[in-house]
Amino acid sequence: MHPHQRTFLDLALARDVLRFGDFTLKSGRSSPYFFNAGRFDSGGALRTLGECYAAALLDSRLGFDMLFGPAYKGIPLATATATALAASGLDVPLAYNRKEAKAHGEGGTLVGAPLAERVLIVDDVITAGTAIRESIALIRDAGATPCGVLIALDRQERGQGRLSAAQEVTAQFGIPVIAIARLSDLLAYTGSRADLVAQRERLLAYRATYGTDD
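Residues numbered from 1 in each chain as written. Predicted model: local features only at pLDDT ≥ 70, side-chain atom pairs only at ≥ 80, totals over all residues. Heavy atoms only, no water.

- Under an unreviewed UniProt entry, the name given to the chain is Orotate phosphoribosyltransferase, and the source organism is Chiayiivirga flava.
- Quoted verbatim from the Pathway (unreviewed entry) field of the UniProt record, the comment on the chain reads "Pyrimidine metabolism; UMP biosynthesis via de novo pathway; UMP from orotate: step 1/2."
- What UniProt records for the chain under Sequence similarities (unreviewed entry) is the sentence "Belongs to the purine/pyrimidine phosphoribosyltransferase family. PyrE subfamily." (UniProt positions renumbered as here; feature names shortened; annotations may be inferred.)

### Considering helix α3 (residues 74-87)
Consideration 1: Over its 14 residues, α3 extends 20 Å from the first C-alpha to the last, a length consistent with the 20 Å expected when each residue adds 1.5 Å.
Consideration 2: Those residues of α3 that sit buried are G74, I75, L77, A78, A80, T81, A82, A84 and L85.
Consideration 3: Trailing α3 by a residue or two, G89 shows a phi angle of about 100°, which is positive. (Helix = DSSP H or I, 4+ residues; strand = E, 2+ residues; numbered from the N terminus. Expected span 1.5 Å × (residues − 1). Buried < 20%, exposed > 50% of the residue type's maximum accessible area, 1.4 Å probe, protein only.)

### Focus: helix α5 (residues 165-173)
Consideration 1: Where α5 is concerned, the buried positions are A165, A166, V169 and F173. Down the axis of α5, the buried set is contained in an arc of 110°. They therefore lie on one face.
Consideration 2: Residues of α5 that are buried make contact with α4 (130-141), β7 (145-154) and β8 (177-182).
Consideration 3: Two residues or fewer past α5, G174 is found with a positive phi of approximately 70°. (Arc of directions from axis to C-beta. Contact = heavy atoms within 4.5 Å.)

### Some thoughts on the environment of D123
Consideration 1: With respect to the helices, strands and loops of the structure, D123 is situated in the loop between β6 (118-122) and α4.
Consideration 2: Residues D123 and P76 lie 47 residues apart in sequence; the distance between their C-alpha atoms is 9.1 Å.
Consideration 3: Non-local contacts of D123, meaning those with residues more than four positions away in its chain, are made with Y53, P70, K73, G74, L77, A131, I132, L150, I151 and A152.

### Quick notes on the pattern of salt bridges
Consideration 1: Scanning all chains against the criterion turns up nine salt bridges.
Consideration 2: One salt bridge connects D16 with R39, and the closest N-O pair in it is separated by 3.9 Å. With D16 in the loop between α1 (3-14) and β1 (18-24) and R39 in the loop between β2 (30-35) and α2 (43-60), this pair connects stretches of sequence that are 23 residues apart.
Consideration 3: Judged by its relative accessible area of 32%, D16 falls in the partly exposed class.
Consideration 4: For R39, a relative accessible area of 33% translates into the label partly exposed. (Salt bridge = Lys/Arg side-chain N within 4 Å of Asp/Glu carboxyl O.)

### Side note on the packing of aromatic side chains
Given two aromatic rings, one states the distance between the centres and the angle between the planes to describe the pair.
Consideration 1: Applying the stated criterion across every chain yields a total of six aromatic pairs.
Consideration 2: With 6.0 Å between their ring centres and 50° between their planes, F8 and F35 make a pair best called tilted. You can see F8 sitting in helix α1 and its partner F35 sitting in strand β2, a full 27 residues away along the chain.
Consideration 3: With a relative accessible area of 0%, F8 lands in the buried category.
Consideration 4: The rings of F8, F35 and F40 are connected pair by pair, giving a single aromatic cluster.
Consideration 5: The positively charged end of R155 is found above the aromatic ring belonging to Y33, 4.1 Å away from the centroid. (Phe/Tyr/Trp six-rings, centres within 6.5 Å; stacked < 30°, edge-to-face > 60°. Lys NZ or Arg CZ within 6 Å of the ring centre and 35° of its normal.)

### Section: the nonpolar core
Consideration 1: Counting 42 residues, the largest nonpolar core has F8, F35, F40, L67 and L186 as its most contacted members.
Consideration 2: In terms of residue count, α2 provides more of this core than any other element does, seven residues in total.
Consideration 3: Non-local contacts of F8, meaning those with residues more than four positions away in its chain, are made with F35, F40, L49, C52, A152, I180 and A181.
Consideration 4: Within the second largest apolar cluster, 19 residues are counted, among which are F68, I132, I139 and V149. (Core = buried A, V, L, I, M, F, W, Y, C linked by side-chain atoms within 4.5 Å.)

### A short note on the side chain of D185
Consideration 1: By the secondary structure assignment, D185 is in helix α6 (residues 183-191).
Consideration 2: No salt bridge forms around the buried D185; measuring N to O, its nearest opposite-charge neighbour R182 is 4.9 Å away.
Consideration 3: At a separation of 3.3 Å, a polar atom in the side chain of D185 contacts the side chain of Q5. (Lys, Arg positive; Asp, Glu negative; His and termini not counted. Polar contact = N/O pair within 3.5 Å; in protein donor to acceptor, adjacent residues only side chain to side chain.)

### Re the side chain of S31
Consideration 1: Structurally, the position occupied by S31 is in strand β2.
Consideration 2: When its relative accessible area of 1% is taken as the criterion, S31 is described as buried.
Consideration 3: Within the structure, the side chain of S31 is placed 2.9 Å from the side chain of R155, a separation counted as a polar contact.
Consideration 4: Among residues more than four places away in sequence, those in contact with S31 are G21, D22, F23, L25, R155 and Y206.

Structure representation (structure tokens):
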């Protein structure tokens, strides 16, 4: 496990972003864990989270020219990532969208730098993939090229078919999905901590039922 992945999971536990228990997901599945990125709700947490996003992105060696944050959670996440990249010497443009078009002032649904060249989408997770598909359409309509998606956690579980939501995005649009951590990393993490070993067995059982092949 890379240092930024351990830092991310440590932070997620400390901020109650990652919780273990019995949770009913929107899909109706009963999950032994739950991830709520909205609990990264302080300046310090967002700074560390942005550093983890930036580390995962740089580690992937993906070529990109700017960042895009889908409303709403993607906006602070893309901003934190851009700030962390700038601190490492890489200053890149940033844009995000509104849910509803603004009729006055600058108008429109897009805010920030003009969408151009290779655009990386930054979000928390991919569930149904709706926000990602809308973002890809916005980027293409602006004449730019979506080059990938950067998320915090990949649950690595099947959707309606044999693929996960992240795999479906890659299959449909031909772009990679990069995650700070995946379920496989969470399994390794829980196995390395005595206080979480008991959770690992439940995670393994969940993956056996709903997990993808990758």
